[in-house]
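# Summary of structural features
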Amino acid sequence: MNYEVKAVETLRIVARNKPLVHHITNIVVANDTANLTLGLGALPVMADAVEEVEEMTASAKALILNIGTLSGESIEAMMRAGRSAAAHNVPIVLDPVGAGATKLRTETALRILEELPVTVVRGNRGEIGALVGSGQVRGVEAVGDEDPRDVARRFFERFGVVTAVTGVFDVIVGKNKVFEVHNGHPLLARITGSGCMATTAVGVFLTTGEDPALQTALALGSYGVAAERAAKHEPGPGTFRSKLLDEAAALLTKGVDGIDIREVED
Amino acid sequence: MNYEVKAVETLRIVARNKPLVHHITNIVVANDTANLTLGLGALPVMADAVEEVEEMTASAKALILNIGTLSGESIEAMMRAGRSAAAHNVPIVLDPVGAGATKLRTETALRILEELPVTVVRGNRGEIGALVGSGQVRGVEAVGDEDPRDVARRFFERFGVVTAVTGVFDVIVGKNKVFEVHNGHPLLARITGSGCMATTAVGVFLTTGEDPALQTALALGSYGVAAERAAKHEPGPGTFRSKLLDEAAALLTKGVDGIDIREVED
Amino acid sequence: MNYEVKAVETLRIVARNKPLVHHITNIVVANDTANLTLGLGALPVMADAVEEVEEMTASAKALILNIGTLSGESIEAMMRAGRSAAAHNVPIVLDPVGAGATKLRTETALRILEELPVTVVRGNRGEIGALVGSGQVRGVEAVGDEDPRDVARRFFERFGVVTAVTGVFDVIVGKNKVFEVHNGHPLLARITGSGCMATTAVGVFLTTGEDPALQTALALGSYGVAAERAAKHEPGPGTFRSKLLDEAAALLTKGVDGIDIREVED
């Protein structure tokens, strides 16, 4: 498959349809993920009041559940939004931020996976590992040295959900299908929310309704290409953050030359 | 009237008095709107605990109620702050973010309009339209093709509140007075919070206590001029966002040459 | 003491150990303070659910309590996190944002000081003054003209906590020790969260476990040097904000040449 052509095709469909992407997310990355959603051509909405999430999700084309700053109320909002997504065939992307760091985060992520038809989970090696009984995190960062391919495979086997483990390279495990994505830049690890933004990119790409594993690989590859371009001339992390949004917004025009997705042996 | 002179005069008064602008706002734009408030010479404070909002509003010169991420508690905080504003003659600006997208947002905006002496409402065509029974929104964006002039007029007739509908051009309807503002740039639609920042600009300009419709036009015109300058050399949206704050902060020094406010037939 | 060498040594230790810095903070500055934490080499986590804060703090090397946007629940979270910090010897930094502006803020700051073993408090002249019965604030900004040295001394005498009053210059009062820091730039006052970021820098420097007054001076000096460098070529505040993060992240490489810390007569 020509991934470059396919990624640009997705970006074109998104830009034409301007699908709504409903986020229930955290106070740290709300602004950045909203801007990334706009940059990729979709429309963001952040809404987490229990009274309105079902209605909001019903008009969305993707729902992103990000557990970065939980509260009792936001957990209830996530469950309600998720049930609404299930009823309206809206794909759900789970970002288990900091799973493994506290019992609340681990249990909330597991509860979402058990009670809701999650389409894709995206996390780092530590977070995804923590949900299958391994994994080491410090706050929201992965530590330790597990192989991300093993982690992703175990997670997929356990939950049957398309699994994306992002890091130095990204691994996506779906049904009969494993992708690796070799894009991105070390500067991503120097800004907060780069993982959450990757999750948002996945949500945007899922709005087309096509194969989730492939769309996840395309999303992560495209986002990684934007990061590579933003990192030209070695900016500091503050400048990189602005440029990342610039380059994400330019992907449709510039194309995603350099996207490096490899379908590997299952 | 020489709008250019009048806008700069307002900015000078603001810079001299450093009025406090109390925001009850959402997690997406809190940082950007605080920075814009500072850029325009005023002092921002974000406070939404029900225990403190009355006291905070009492020492403010404008109160901004932004319903972008509501909760049961923030609604109660808005009502309390609004009553305090009424008691202390503090102008209230309502930003009905996403009205029309959910019942909660529509009803909360209507409740605020009914129970509080709102001075100015600022929204896009879809949001303002939704509150008078028309209007189409997708999340927090306007869709459809209503004429913003009709929407603003109907809203003013229904609620008797100075009404600003912003978009490709802005319409402000007040008592016996209609302004159009032809400033701004398409890049504003590529960043999140550009509407919320417009609302903040209005709040800052209202702190002088002068005619609300005129001050709203001056605020939107000045903000639009800053956007035009920030858009020079076609930056991407991430860079544009930073430059918008730069240019807003430079308005007092550079002046607002190019401000295009037209008083039109009522 | 060679403060330059000592500051770089701290930055090196931080970069090597990547300590977790747990913030319970406000919606305005969560992103900026997380990015600054990363820039200085540590790992940020923002978590304020009462169910998880004790656990999160237990694995952190510093706890930052920032009262910028309080709620009933976040106050309870701060008390629980603080008790966990006490039990695990995690230093606590208090940022009493807007103390003096409302009774809730003043009383919450005082409650934290009374019930928790705060290591360092960092605020502006108005906030710190308000907690010892003087001080004037407008929202979260200091007004009035008290001498920050008097304010800091009185606070230290009253609470016995290392006290940092930041402003045109910074004063740090500890046991038998008073420092002044003459770094920074007026542009810091033109962006929101510059005080909160200073507090974060203090938290990061405290993770080494060394003398809190000295580490606070080193943190504020280093942060001030980054601000001076970011202000080169007189950027607007939006651009300055990005460059501040760039320069903070470059401190370990560039060193902190120009750090101006003076130990003054007690």
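As the structure is a prediction and not an experimental result, all values here were calculated from the model.

Of the regular secondary structure elements, chain A holds 11 helices and 11 strands. Computed over the C-alpha atoms, the radius of gyration of chain A is 17 Å, within 12% of the 18 Å expected from 2.2 N^0.38 for a compact globule of 266 residues. Across its three principal directions, the C-alpha atoms of chain A cover 45 × 40 × 40 Å. In chain A, once contacts between residues fewer than 6 apart in sequence are set aside, the share between residues at least 24 apart is 70%. For chain A, the exposed surface amounts to about 8,900 Å²; the carbon and sulfur share of it is 46%. Counting 26 positive and 34 negative side-chain charges, chain A places the averaged centre of each group 2 Å from the other.

Each partner contributes to the interface: chain B provides 29 residues, whereas chain C provides 26 residues. Taking both partners together, chain B and chain C bury about 2,200 Å²; carbon and sulfur atoms supply 55% of that area. The interface formed by chain B and chain C holds one salt bridge in total. One salt bridge connects C:Arg105 with B:Glu52, and the closest N-O pair in it is separated by 2.7 Å. For the pair chain B and chain C, the interface holds 12 residue pairs in polar contact (both at pLDDT 80 or more). Elements with a minimum of two residues in the side of chain B that touches chain C: helix H2 (30-39), strand S2 (43-46), helix H3 (53-58) and helix H10 (237-254) of chain B. Here the side of chain B that touches chain C gets six residues from one element, more than from any other, and that element is H2(B).

Looking now at the sheet that holds strand S11 (residues 261-264) of chain B. In a beta sheet, neighbouring strands pair by backbone hydrogen bonds and run either parallel or antiparallel. Residues and elements named next belong to chain B. Taking strand neighbours across the sheet as the criterion, the nine strands line up as S2-S1-S3-S4-S5-S8-S9-S10-S11 in an open arrangement whose pairing is mixed. The open sheet has two edge strands with one neighbour each: S2 and S11. The sheet shows a mean angle of 20° between the axes of neighbouring strands, taken without regard to direction. With five bridges connecting them, strand S9 (residues 170-174) and strand S10 (residues 177-181) associate as antiparallel partners. Residue Val 173 lies in a different strand from S10, and its bridge partner there is Val 178. Sheet strands touched by H2: strand S1 (20-24) and S2. Its angle to S2, the strand with the most contacts, is close to 155°.

Take helix H1 (residues 3-17) of chain A next. All names here are of chain A. An ideal rise of 1.5 Å per residue puts 21 Å on 15 residues; H1 measures up with 21 Å between its terminal C-alpha atoms. What H1 keeps buried is the set Tyr 3, Lys 6, Ala 7, Val 8, Thr 10, Leu 11, Ile 13 and Val 14. Its buried side turned inward, H1 meets strand S10 (177-181), helix H8 (194-206), helix H9 (212-230), helix H11 (251-254) and strand S11 (261-264). One side-chain oxygen at the N-terminal end of H1 lies 3.1 Å from the backbone nitrogen of Glu 4; it belongs to Asn 2.

Another point: the relation of the copies chain B and chain C. Two copies of one chain are present, and they are related through a rotation about an axis combined with an axial shift. Laying chain B over chain C is done by rotating through 120° and shifting 0.0 Å along the axis; what remains is an RMSD of 0.0 Å. Both copies of the chain, as the preceding transformation shows, are related through a three-fold rotation axis. Minimal C-alpha distance to the rotation axis in chain B is attained by B:Ile27, lying at 3.3 Å. When the interface residues of chain B are mapped onto chain C, a mere 10% of them again fall at the interface, so the copies present different faces.

Here we come to a positive patch on the surface. Positive charge collects at one region of the surface, where A:Arg138, A:Arg190, C:Lys18 and C:Lys61 lie side by side. In this fold, C:Lys18 is placed in the loop between helix H1 (3-17) and strand S1 (20-24).

Residue and element names in this part refer to chain A. Pairing is mixed in the open sheet, where nine strands are placed in the order S2-S1-S3-S4-S5-S8-S9-S10-S11. The open sheet has two free edges, formed respectively by strand S2 (43-46) and S11, since each of these has just one partner strand. Adjacent strand axes in the sheet meet at a mean angle of 20°, parallel and antiparallel pairs treated alike. In this structure, strand S4 (residues 92-95) lies alongside strand S5 (residues 120-124), joined through two bridges in parallel fashion. When the bridges of S5 are listed, Val 93 appears paired with Val 120. Contacts between helix H4 (residues 72-87) and the sheet are confined to strand S1 (20-24), strand S3 (62-66) and S4, with S3 contributing the most and set at about 155° to the helix.

Here we come to unusual backbone geometry. With a phi angle near 55°, A:Asn176 is a residue other than glycine that sits in the positive phi range. Looking at the secondary structure, you find A:Asn176 in the loop between strand S9 (170-174) and S10. For A:Asn176, a relative accessible area of 61% puts it in the exposed group. Here the phi dihedral of B:His233 falls at roughly 65°; this positive angle occurs in a residue that is not glycine. Mapping B:His233 onto the fold places it in the loop between helix H9 (212-230) and H10.

Right, let's get into the pairing of strand S9 (residues 170-174) of chain C. Remark: a regular strand shows side chains that alternate across the two faces of the sheet. Residues and elements named next belong to chain C. In terms of burial, S9 is a largely internal element, five of the five residues being buried. The side-chain alternation of S9 yields two buried faces, one formed by Asp 170, Ile 172 and Gly 174 and the other by Val 171 and Val 173. Pairing analysis gives three bridges linking strand S8 (residues 162-166) to S9, with the strands arranged antiparallel. Across the sheet, Thr 163 pairs through a bridge with Val 173, a residue of S9.

Glancing now at the interface of chain B and chain A. At the interface, 26 residues of chain B touch 29 residues of chain A. Regarding the contact of chain B and chain A, the summed buried area is about 2,200 Å², with carbon and sulfur atoms giving 55% of it. Among the residues chain B hides against chain A, the three largest losses belong to B:Ile27, B:Arg138 and B:Arg190. Together they make up 24% of the total. The interface formed by chain B and chain A includes one salt bridge. Viewed at the interface, chain A and chain B are joined by 12 residue pairs in polar contact (both at pLDDT 80 or more). By residue number, the principal contributor to the side of chain B that touches chain A is H10(B), which donates five residues. Within the side of chain B that touches chain A, the residues separate by chemical class into nine nonpolar, 10 polar and seven charged.

Under the fitted operation, chain B is carried onto chain A by 0.0 Å of movement along the axis and a turn of 120°, and the coordinates agree to an RMSD of 0.0 Å. The fraction of interface residues of chain B whose copies in chain A are also interface residues is only 12%, indicating that the copies meet through different surfaces.

What follows concerns the packing of aromatic side chains. Enumeration according to the criterion identifies six aromatic pairs over all chains in this entry. Pairing B:Phe155 with B:Phe159 gives two aromatic rings, centres 4.6 Å apart and planes at 40°, and the pair type is tilted. A residue pair is termed a helical-turn pair when its members lie 3 or 4 positions apart in one helix, as B:Phe155 and B:Phe159 do in helix H7 (residues 148-159) at four residues. With a relative accessible area of 0%, B:Phe155 lands in the buried category. Looking at B:Phe159, the relative accessible area reads 17%, which means it is buried. Note on C:Tyr3 and C:Phe179: the rings are 6.3 Å apart at their centroids and 90° apart in plane angle, and the pair reads as edge-to-face.

Counting residues in each nonpolar core, the largest one holds 139 residues, and the members touching the most others are A:Leu65, A:Ile112, B:Leu65, B:Ile112, C:Leu65 and C:Ile112. Leave out the neighbours within four places in its chain, and A:Ile112 touches A:Leu65, A:Ile67, A:Met78, A:Met79, A:Leu94 and A:Val118.

Another aspect to go through is the packing of H10(B) against helix H10 (residues 237-249) of chain C. H10(C) packs onto H10(B) with a crossing angle of 130° between their chain directions and a minimal axis gap of 6 Å. Classified by the angle between their axes, H10(B) and H10(C) sit oblique to one another. Across from B:Arg241, B:Ser242, B:Leu245, B:Asp246 and B:Ala249 in H10(B), the residues of H10(C) making contact are C:Pro237, C:Gly238, C:Thr239, C:Arg241 and C:Ser242. The residue inventory of the contact of H10(B) with H10(C), partitioned by class, reads three nonpolar, four polar and three charged.

So, on to the UniProt feature "binding site: ATP" (unreviewed entry) in chain A. Residue and element names in this part refer to chain A. UniProt's entry tags Arg 122 and Thr 166 with the feature "binding site: ATP" (unreviewed entry), counted in the numbering of this structure. These annotated residues cover 45 residues of sequence, and their C-alpha atoms all fall within 7.3 Å of one another, placing them together at a single site. Within the secondary structure, Arg 122 sits in strand S5. By relative accessible area, which is 4% here, Arg 122 ends up buried. Among the polar contacts listed, one links the side chain of Arg 122 to the side chain of Thr 166, at a separation of 2.7 Å. Residue contacts for Thr 166: discarding those within four places in its chain leaves Arg 122, Gly 123, Asn 124, Arg 125 and Leu 220.

Thresholds applied
Residues numbered from 1 in each chain as written. Chains lettered and ligands numbered in written order. Predicted model: local features only at pLDDT ≥ 70, side-chain atom pairs only at ≥ 80, totals over all residues. Heavy atoms only, no water. Helix = DSSP H or I, 4+ residues; strand = E, 2+ residues; numbered from the N terminus. Rg over C-alpha atoms; globule rule 2.2 N^0.38 Å. Contact = heavy atoms within 4.5 Å. Areas by Shrake-Rupley, 256 points an atom, 1.4 Å probe, with all protein chains shown as cover. Lys, Arg positive; Asp, Glu negative; His and termini not counted. Charge placed at Lys NZ, Arg CZ, Asp CG, Glu CD. Buried area = accessible area lost by both parts, 1.4 Å probe. Salt bridge = Lys/Arg side-chain N within 4 Å of Asp/Glu carboxyl O. Polar contact = N/O pair within 3.5 Å; in protein donor to acceptor, adjacent residues only side chain to side chain. Pairing = 2+ DSSP bridges. Axes fitted to C-alpha atoms, helices over the stretch in contact; angles between N-to-C directions. Expected span 1.5 Å × (residues − 1). Buried < 20%, exposed > 50% of the residue type's maximum accessible area, 1.4 Å probe, protein only. Least-squares fit on C-alpha atoms with pLDDT ≥ 70 in both. Patch = residues over 30% accessible without salt bridge, like charges linked within 9 Å, V, L, I, M, F, W, Y side chains within 5 Å. Nonpolar A, V, L, I, M, F, W, Y, C, P; charged D, E, K, R; others polar. Phe/Tyr/Trp six-rings, centres within 6.5 Å; stacked < 30°, edge-to-face > 60°. Core = buried A, V, L, I, M, F, W, Y, C linked by side-chain atoms within 4.5 Å. Parallel < 35°, antiparallel > 145°, perpendicular 65-115°, else oblique. UniProt positions renumbered as here; feature names shortened; annotations may be inferred.

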